[in-house]
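# A closer look at the structure
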Amino acid sequence: MEYVPPVEQMPGEPLVFLVRSASEPGKQHRVELDSYDTNGSCTCIRFSIQCAPKLERGTKGGTPATRCSHIERAYREFGKIMVRKIVDYQAEQRRKEGR
């Protein structure tokens, strides 16, 4: 069986991730972080049945009631990616300045 990373950013789509299911081995869910005014959306059952209807009724996003674990994991990975980019950028700026 081929190794599937727990969370994988889609090439060319910086706000889209594939997140491996913890309960269904071999299954991945597509998470789009820019959906629902940055709450995110997911292809999992919990999001479609519980979270999306709340968001569509106007519930404020970004809470455990509106985000499944796959969205939370994608946001953690996105944060790591952004911190790495900032660290790399700052290091490059220091190199250019000769520090």
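Since we're looking at a predicted model, the values are computed, not measured.

Cut-offs applied
- Residues numbered from 1 in each chain as written.
- Predicted model: local features only at pLDDT ≥ 70, side-chain atom pairs only at ≥ 80, totals over all residues.
- Heavy atoms only, no water.
- Helix = DSSP H or I, 4+ residues; strand = E, 2+ residues; numbered from the N terminus.
- Expected span 1.5 Å × (residues − 1).
- Buried < 20%, exposed > 50% of the residue type's maximum accessible area, 1.4 Å probe, protein only.
- Contact = heavy atoms within 4.5 Å.
- Disulfide = S-S within 2.5 Å.
- Core = buried A, V, L, I, M, F, W, Y, C linked by side-chain atoms within 4.5 Å.
- Polar contact = N/O pair within 3.5 Å; in protein donor to acceptor, adjacent residues only side chain to side chain.

Look at helix H2 (residues 69-97): 42 Å from first C-alpha to last across 29 residues, which is about the 42 Å you get at 1.5 Å a residue. All of the buried residues in H2 are His70, Ile71, Arg73, Ala74 and Ile81. Against strand S1 (7-10), strand S2 (13-20), strand S3 (28-32), strand S4 (41-42) and helix H1 (45-56) lie the buried residues of H2. Gly98 lies just past H2 and shows a positive phi near 75°.

As a further point, take the state of the cysteines. Enumeration over the complete set of coordinates arrives at zero disulfides. Free cysteine Cys51: the closest other cysteine sulfur is in Cys68, separated by 6.0 Å. Left without a disulfide partner, Cys68 is nearest to the cysteine sulfur of Cys44, which lies 3.7 Å away. With relative accessibility at 2%, the residue Cys68 sits in the buried group.

This paragraph deals with the nonpolar core. In terms of nonpolar packing, the biggest core is built from 15 residues, with Phe17, Val31, Cys42, Phe47 and Ile71 touching the most fellow members. Among the secondary structure elements, those contributing two or more residues to this core are S2, H1 and H2. Of the residues forming this core, the biggest block, four residues, is contributed by H1. Residues contacting Val31, with those up to four places away along its chain left out, are Leu15, Val16, Phe17, Val19, Ser41, Cys42, His70, Ile71 and Ala74.

What follows is about the side chain of Ser21. Residue placement: Ser21 occurs in the loop between S2 and S3. Ser21 gets classed as buried once you look at its relative accessible area, which sits at 7%. A polar side-chain atom of Ser21 sits 2.9 Å from the main-chain amide nitrogen of Glu24. Once residues lying within four places of it in the same chain are set aside, the contact partners of Ser21 are Lys27, Gln28, His29 and His70.

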